[in-house]
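# Structural description and commentary
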Amino acid sequence: EAQVTQNPRYLITVTGKKLTVTCSQNMNHEYMSWYRQDPGLGLRQIYYSMNVEVTDKGDVPEGYKVSRKEKRNFPLILESPSPNQTSLYFCASKSPAGVTDTQYFGPGTRLTVL
Amino acid sequence: GEDVEQSLFLSVREGDSSVINCTYTDSSSTYLYWYKQEPGAGLQLLTYIFSNMDMKQDQRLTVLLNKKDKHLSLRIADTQTGDSAIYFCAEGDTGGFKTIFGAGTRLFVKA
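The paragraphs below set out a description of the structure included in this document. Given the structure is predicted, the values throughout are model-derived calculations rather than measurements. (Residues numbered from 1 in each chain as written. Chains lettered and ligands numbered in written order. Predicted model: local features only at pLDDT ≥ 70, side-chain atom pairs only at ≥ 80, totals over all residues. Heavy atoms only, no water.)

## Some words on the sheet that holds strand β1 (residues 4-6) of chain B
Residue and element names in this part refer to chain B. Put simply, the rule reads: The criterion for strand pairing is that DSSP finds at least two bridges linking the strands in question. Under the DSSP-based scheme used, a helix requires at least four consecutive residues in state H or I and a strand at least two consecutive residues in state E, with every element numbered from the N terminus. For helices, the axis comes from a line fit to the C-alpha atoms of the stretch in contact; other axes are also lines fit to C-alpha atoms, and the angle between any two N-to-C directions lies between 0 and 180 degrees.
Judged by pairing direction, the sheet is antiparallel, and its five strands sit side by side in the order β1-β3-β8-β7-β6 without closing on themselves. The outermost strands of the open sheet, each flanked by one partner alone, are β1 and β6 (55-58). Taken pair by pair, the neighbouring strands of this sheet meet at an average axis angle of 15°, ignoring direction. As judged from the four bridges shared by β6 and strand β7 (residues 61-66), these two strands associate in the antiparallel manner. Counted as the bridge partner of Asp58 is Leu61 from β7.

## Description of the sheet that holds strand β8 (residues 76-78) of chain A
The pairing of strands in a sheet happens through backbone hydrogen bonds and is either parallel or antiparallel. Residue and element names in this part refer to chain A. Spatially, β1-β3-β8-β7 is the arrangement adopted by the four strands of the open sheet, whose pairing is antiparallel. A strand with exactly one partner marks an edge of an open sheet, and here the two such strands are β1 (4-7) and β7 (65-66). Pairing of β1 with strand β3 (residues 19-25) involves four bridges; the strand directions are antiparallel. Paired with Thr5 across the strands is Ser24, a residue of β3.

## Regarding the interface of chain A and chain B
We apply this condition: The contact criterion used throughout is that any non-hydrogen atoms of two residues lie within 4.5 Å. The term buried area denotes the loss of accessible surface (1.4 Å probe radius) that occurs when two parts are joined, taken as the sum for both partners. The salt bridge criterion pairs a side-chain nitrogen of Lys or Arg with a carboxyl oxygen of Asp or Glu, the two atoms within 4 Å. Under this definition, polar contacts are N or O atom pairs within 3.5 Å; protein pairs additionally need one hydrogen-donor-capable and one acceptor-capable atom, and for neighbouring residues in sequence, both atoms have to be side-chain atoms.
Counting residues at the interface gives 24 residues for chain A, matched by 22 residues for chain B. Carbon and sulfur atoms make up 57% of the surface buried where chain A meets chain B, a total of about 1800 Å² over both sides. Summed over the shared surface of chain A and chain B, the number is zero salt bridges. Inspection of the chain A/chain B interface yields three residue pairs in polar contact (both at pLDDT 80 or more). When contributions to the side of chain A that touches chain B are tallied by element, the ones reaching two or more residues are β4 (31-38), β5 (42-51) and β9 (87-94) of chain A. The element that contributes the greatest number of residues to the side of chain A that touches chain B is β5(A), accounting for five residues.

## Overview of the state of the cysteines
Throughout this description, disulfide means a covalent bond between two cysteine sulfur atoms. Residue and element names in this part refer to chain B. Put simply, the test is: A pair of cysteine sulfur atoms is labelled a disulfide when the two atoms are within 2.5 Å. Note on exposure labels: buried denotes an accessible area under 20% of the residue type's maximum, exposed denotes more than 50%, and partly exposed covers the range between, all computed with a 1.4 Å probe on protein chains only.
Considering all chains together, one arrives at two disulfides over all chains under this definition. Disulfide pairing is shown between Cys22 and Cys89; the S-S distance is 1.9 Å. Looking down the S-S bond of the Cys22 and Cys89 bridge, the torsion is -65°, so its handedness is left-handed. Of this pair, Cys22 sits in strand β3 (residues 18-24) while Cys89 is found in strand β9 (residues 85-92), placing the two residues 67 residues apart along the sequence. Both residues of the pair, Cys22 and Cys89, count as buried.

## Some details on the pattern of salt bridges
All names here are of chain A. Enumeration over the complete set of coordinates arrives at eight salt bridges over all chains. A salt bridge links Glu30 to Lys71; its shortest N-O distance comes to 4.0 Å. A residue pair is termed long-range when its members are at least 10 positions apart, and Glu30 in the loop between β3 and β4 and Lys71 in the loop between β7 and β8 qualify at 41 residues. A salt bridge links Arg44 to Asp38, with the nearest nitrogen and oxygen atoms 2.8 Å apart. The structure contains a network of salt bridges with shared partners spanning Lys18, Lys65 and Glu79.

## As for the pairing of strand β6 (residues 54-57) of chain A
Residue and element names in this part refer to chain A. Sheet topology note: the β5/β6 ladder contains four bridges and is antiparallel. Note that in β6 the partner of Tyr47 across the bridge is Lys57. Linkage of β5 to β6, two consecutive antiparallel strands, is achieved through a turn of two residues, within which Glu53 is found at a positive phi near 65°.

## So, the side chain of A:Arg36
Residues and elements named next belong to chain A. One can find Arg36 in strand β4. Among the residues examined, Arg36 registers a relative accessible area of 8% and is labelled buried. Within polar-contact distance, the side chain of Arg36 engages the side chain of Tyr64 at 2.9 Å. Apart from residues lying up to four places away in sequence, Arg36 is in contact with Gly42, Leu43, Arg44, Ile46, Val60, Tyr64, Asn84, Gln85, Thr86, Ser87, Leu88 and Tyr89.

## Things to note about the environment of B:Gln37
Locating B:Gln37 in the fold gives a position in strand β4 (residues 31-37). Filtering out sequence-adjacent residues up to four positions away, B:Gln37 remains in contact with A:Gln37, A:Phe90, B:Gly42, B:Leu43, B:Ala85, B:Ile86 and B:Phe88. Engagement of the side chain of B:Gln37 in a polar contact is seen with the backbone oxygen of B:Ala41, the distance being 3.0 Å.

Take a look at the structure:
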């Protein structure tokens, strides 16, 4: 089954404790992206990657890092989480061969930073 | 910077038509999208329209684009309770790499 998986689905942590949210897709997609969803603000793009070792900032990259060492994985790293990073995070992937191809979204990771 | 705005709530009766509106600021956007998010789930692409089109129809969905006013709308005919969800308008660049989303419109369908 074609899917994007994220782990963990729920996470409560404390300020300053480094964490990684993993994202994996099994569709051999070149493009992957991370978004955060906050009430009243919709989805905002954090980082995206057009292919292995190619990443670029979205609209709200501050406080986040990403890496793309393999095509299927695109982890989101919070080196020193702060309470304003409490949010619902979505990973997505698509093949840019057709720019209107469906962007497949993961189920989301709800992060709370105390 | 680019911005996408939409009203936050819409309530309709089952069987009526729903119209969700959206305005955007980036006149260079190539693609405009409508996504649906059901409770506890990620987003699903419902439909999209190229910026050089005025209208697109797909079964119960009709998308209208007024490029001059930078206004996009999604009409859902014969709205059903299963259509209750959050609907996001989004604009995308030519490469499809950067997507700007609106805040989402929560559609309530009353039986």
